[in-house]
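# Results of the structural survey
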Amino acid sequence: MSNDTIFDKILKKQIPAAVVYEDDQVLAFRDITPQAPTHVLVIPKLRWERFAHLADAQAADVGVFFQRVATVATSLGLDGSGYRVVINNGRDGQQTVEYLHAHILGGRALTWPPG
Ligand code: 5GP
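An account of the accompanying structure is given in this report. Here the structure is a predicted model, which means the values were calculated and not measured.

It is worth spelling out the site of the ligand at this point. Looking at the ligand, there are 16 residues lining it, with Asp31, Asn88, Thr96, His101 and His103 nearest. With respect to the ligand, the side chain of Asp31 contributes an N or O atom lying 2.5 Å from an oxygen atom. A distance of 3.0 Å is found between an oxygen atom of the ligand and a backbone nitrogen or oxygen belonging to Val97. Protein burial of the ligand: of its 520 Å² of free accessible surface, 82% is covered by the chains. When contributions to the shell around the ligand are tallied by element, the ones reaching two or more residues are helix H1 (6–11) and strand E2 (26–30). In terms of residue count, the dominant contributor to the shell around the ligand is H1 (three residues). Counted by class, the shell around the ligand contains seven nonpolar, seven polar and two charged residues.

Below, the discussion takes up the nonpolar core. With 16 residues, the main nonpolar core has Val42, Leu54, Phe65, Val69, Val72 and Ile104 as its most contacted residues. Contributions of two or more residues to this core are made by E2, strand E3 (38–44), helix H2 (59–75) and strand E5 (102–106). With five residues, the top contributor of residues to this core is H2. Sequence-distant contacts of Val42, defined by excluding residues within four places in its chain, comprise Val26, Leu27, Ala28, Phe65, Val69, Val72, Leu100, His101, Ala102 and Ile104. Counting eight residues, the second-largest nonpolar core is a separate cluster that includes Ile10, Leu41, Val97 and Tyr99.

Below, the discussion takes up the pattern of salt bridges. Applying the stated criterion to the full structure yields seven salt bridges. Its salt-bridge partner being Arg50, residue Glu98 comes within 3.1 Å of it at the nearest N-O pair. Highlighted residues: Glu98 in the loop between strand E4 (83–86) and E5 and Arg50 in the loop between E3 and H2, separated in sequence by 48 residues. The exposure class assigned to Glu98 is partly exposed, which follows from its relative accessible area of 28%. Two residues, Asp92 and Arg91, come together in a salt bridge whose shortest N-O distance is 3.3 Å. Classification of Asp92 as exposed rests on a relative accessible area of 66%. Through salt bridges with shared partners, a single network forms among Lys13, Glu22 and Lys45.

Each value, and the rule that gives it
- Residues numbered from 1 in each chain as written.
- Predicted model: local features only at pLDDT ≥ 70, side-chain atom pairs only at ≥ 80, totals over all residues.
- Heavy atoms only, no water.
- Near = heavy atom within 4 Å.
- Polar contact = N/O pair within 3.5 Å; in protein donor to acceptor, adjacent residues only side chain to side chain.
- Areas by Shrake-Rupley, 256 points an atom, 1.4 Å probe, with all protein chains shown as cover.
- Helix = DSSP H or I, 4+ residues; strand = E, 2+ residues; numbered from the N terminus.
- Nonpolar A, V, L, I, M, F, W, Y, C, P; charged D, E, K, R; others polar.
- Core = buried A, V, L, I, M, F, W, Y, C linked by side-chain atoms within 4.5 Å.
- Buried < 20%, exposed > 50% of the residue type's maximum accessible area, 1.4 Å probe, protein only.
- Contact = heavy atoms within 4.5 Å.
- Salt bridge = Lys/Arg side-chain N within 4 Å of Asp/Glu carboxyl O.

And the structure:
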């Protein structure tokens, strides 16, 4: 039985997604339930289940991931107006997919604090 998450399946092209960026390190695609005019998810091709696991990762790999998140946000044209990067971790963080992903949210003024 496969333990693949929905994001594993998107990465393997087993299910479709609106991909906005891909290279050898990351895949970025539009969230299926957008919470802002621009809502893109960035996943690392190195598989970590959640943010907490980065504590044991190679710093260079973690750095590449975050650099790519910034690259994708810029490529989406969000740099001028600003945007938010969110990573939900675990139950109280409302993480629903056990595959590390960064949300890029932009295109409107976001409220603070988050709920
Ligand atoms: P989390 O709550 O784990 O931080 O975020 C998971 C995100 O994945 C949610 O914003 C949800 O809308 C999105 N999502 C869930 N299933 C799919 C899917 O099949 N395709 C895409 N593109 N996004 C999905």
